[in-house]
Amino acid sequence: MLDDHATSGTDLFSPVQVGPYTLANRVVMAPLTRSRAGAGDAQGEMNATYYAQRASAGLIISEATQISRQGKGYAYTPGIYTDAQVAGWRLVTDAVHAKGGRIFAQLWHVGRISHPSLQADGALPVAPSAVQPAGQAFTESGFQPFVTPRALAIEEIPGIVADYVHAARCAERAGFDGVEVHAANGYLLDQFMRDKTNQRTDAYGGPIANRVRLTLEVIEAVTREIGAERTGIRISPNSPANDIADSNNEAVFTHLVEALNRFGLAFLHVVEGATGGPREVPGGFDLAILRQRFKGLYMANNGYDRALALATRRDDRADLIAFGRPFIANPDLVERLRRNAPLNRLDTKTLYGGDAHGYTDYPTLDAAQPNDLAAS
Ligand code: 8OZ
């Protein structure tokens with residue numbers, strides 16, 4: 001008998017059905033901001049090369065990609081709302097598909113994690129409430145302190161949902177296999193869900209059912225546009241990323257996950273612990289409850305290495321494992337995991353912005369082998 005989860009099993013390298021796609025393995029390339037988009041926030045050939053080099057992942061989730069100019073919060077990040085951006089992403093998806101890979105677009109609105117210099121006409125970033133985040137924005141002229149955002153009027157909310165739908169349609173036109181709605185890491189949807197950043201008194205604030213409303217409206221609208229089987233969602237329930245917090249994370253996210261069950265999404269992607277940091281967070285709740293409650297594929301992320309990934313699959317604690325930084329330094333990560341081969345070291349100086357160095361020049365195992373010379 002199969003249990004609730006369609007793919008209980010023990011292997012990291014066996015195929016898995018995600019929506020309409022049979023993925024070659026359960027190793028996912030996590031979304032990774034690299035800030036290397038070109039003019040008009042459009043991707044180009046260099047980005048296509050980078051993603052194609054990593055196409056042996058069972059699934060690639062694109063770097064976070066803004067759904068609108070208002071949704072942008074970092075210099076040089078790509079968008080997915082203009083024709084030029086669609087054309088740029090088409091280079092990427094064609095290159096990945098030519099290598100037999102699959103790729104979903106991560107749809108992103110940063111909310112208050114932005115800066116007027118990144119907004120049209122120097123506008124204030126928008127958020128559920130006018131609560132200034134601690135920290136600094138990454139702008140074209142370096143780091144600048146976050147400002148106090150402007151609270152969205154309730155009349156503006158349908159326009160935000162419409163921007164997600166437009167972006168999902170653009171992602172489809174660009175050849176993406178699906179989308180992941182970014183509801184993690186302290187960006188707009190997460191800001192609405194948490195009581196530190198959401199102090200609204202209307203239908204989008206107060207009780208948890210109100211705070212998760214925008215996320216559910218976005219999921220409803222996006223799934224209606226491109227299909228639930230091609231839509232995933234990413235959350236980070238215990239992460240303090242981008243100065244986010246809630247007085248009862250567990251209640252917020254168990255409510256959300258149970259409400260998501262009615263859609264039949266492609267997957268639930270969970271950043272376990274502090275984003276890019278420790279897996280254990282003081283005051284964090286046990287995320288196993290989300291695995292139990294969600295009736296669909298569970299994708300685990302954050303701090304996984306080979307041993308933890310294998311153990312997690314052996315115990316069936318996740319269906320898919322998303323690796324972030326290891327994929328930056330190891331384009332052939334799947335093969336290295338399979339062979340238990342050593343990993344390249346990550347150069348943290350070339351993570352954000354810049355050129356092909358630290359982007360498309362990390363070697364594969366084979367490239368490092370002397371018998372390559374014999375091939376010519
Ligand atoms: C690191 C740097 C910039 C953005 C996230 C999109 O945390 C990001 C991000 C990560 O989800």
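The structure presented is a predicted model; accordingly, all values stated were derived computationally and were not measured. (Residues numbered from 1 in each chain as written. Predicted model: local features only at pLDDT ≥ 70, side-chain atom pairs only at ≥ 80, totals over all residues. Heavy atoms only, no water.)

Moving on, we get to helix α9 (residues 306-314). Within the span of α9, buried status applies to A309, A311, T312 and R313. Contacts from the buried residues of α9 go to β14 (320-323). Where α9 begins, the side chain of D305 points an oxygen toward the backbone nitrogen of A307, at a separation of 3.3 Å. (Buried < 20%, exposed > 50% of the residue type's maximum accessible area, 1.4 Å probe, protein only. Helix = DSSP H or I, 4+ residues; strand = E, 2+ residues; numbered from the N terminus. Contact = heavy atoms within 4.5 Å. Polar contact = N/O pair within 3.5 Å; in protein donor to acceptor, adjacent residues only side chain to side chain.)

Our focus in this paragraph is helix α1 (residues 45-53). An α-helix turns once every 3.6 residues. As a result, residues three or four positions apart point the same way. Looking at α1, one finds that the buried residues are N47, A48, Y50, Y51 and A52. The elements touched by buried residues of α1 are β3 (27-29), β4 (59-66), α2 (83-98), β5 (103-108) and α10 (325-329).

So, on to the site of the ligand. In the neighbourhood of the ligand, the contacting residues comprise T33, A64, Y74, W108, H182, N185, Y187 and Y352. Between the ligand and H182 there is a distance of 2.7 Å, counted from an oxygen atom to a side-chain nitrogen or oxygen. N185 is positioned such that a nitrogen or oxygen atom in its side chain is 2.7 Å from an oxygen atom of the ligand. In the complex, the protein chains occlude 79% of the 300 Å² of accessible area that the ligand would expose alone. Looking at side-chain class alone, the shell around the ligand contains five nonpolar, three polar and no charged residues. (Near = heavy atom within 4 Å. Areas by Shrake-Rupley, 256 points an atom, 1.4 Å probe, with all protein chains shown as cover. Nonpolar A, V, L, I, M, F, W, Y, C, P; charged D, E, K, R; others polar.)

Quick look at the packing of aromatic side chains now. Each aromatic ring pair is specified by the distance between its two centres and by the angle formed by the two planes. Counted under the stated rule, the structure contains 11 aromatic pairs. Both rings, one in Y50 and one in Y359, keep their centres 4.1 Å apart while their planes meet at 15 degrees; by these two values the pair is stacked. Placement of the pair is Y50 in helix α1 and Y359 in the loop between α11 (333-339) and α12 (372-375), with a sequence separation of 309 residues. Here Y50 and Y359 have matching classes, each one buried. Considering the side-chain rings of Y74 and Y187, the 6.4 Å spacing of their centres and the 70 degrees angle between planes classify their relative orientation as edge-to-face. Of the two residues, Y74 is situated in the loop between β4 and α2 and Y187 in the loop between β10 (178-182) and α4 (188-193); the sequence distance between them amounts to 113 residues. (Phe/Tyr/Trp six-rings, centres within 6.5 Å; stacked < 30°, edge-to-face > 60°.)

From the geometry alone we can't say anything about function, so treat these as descriptive.
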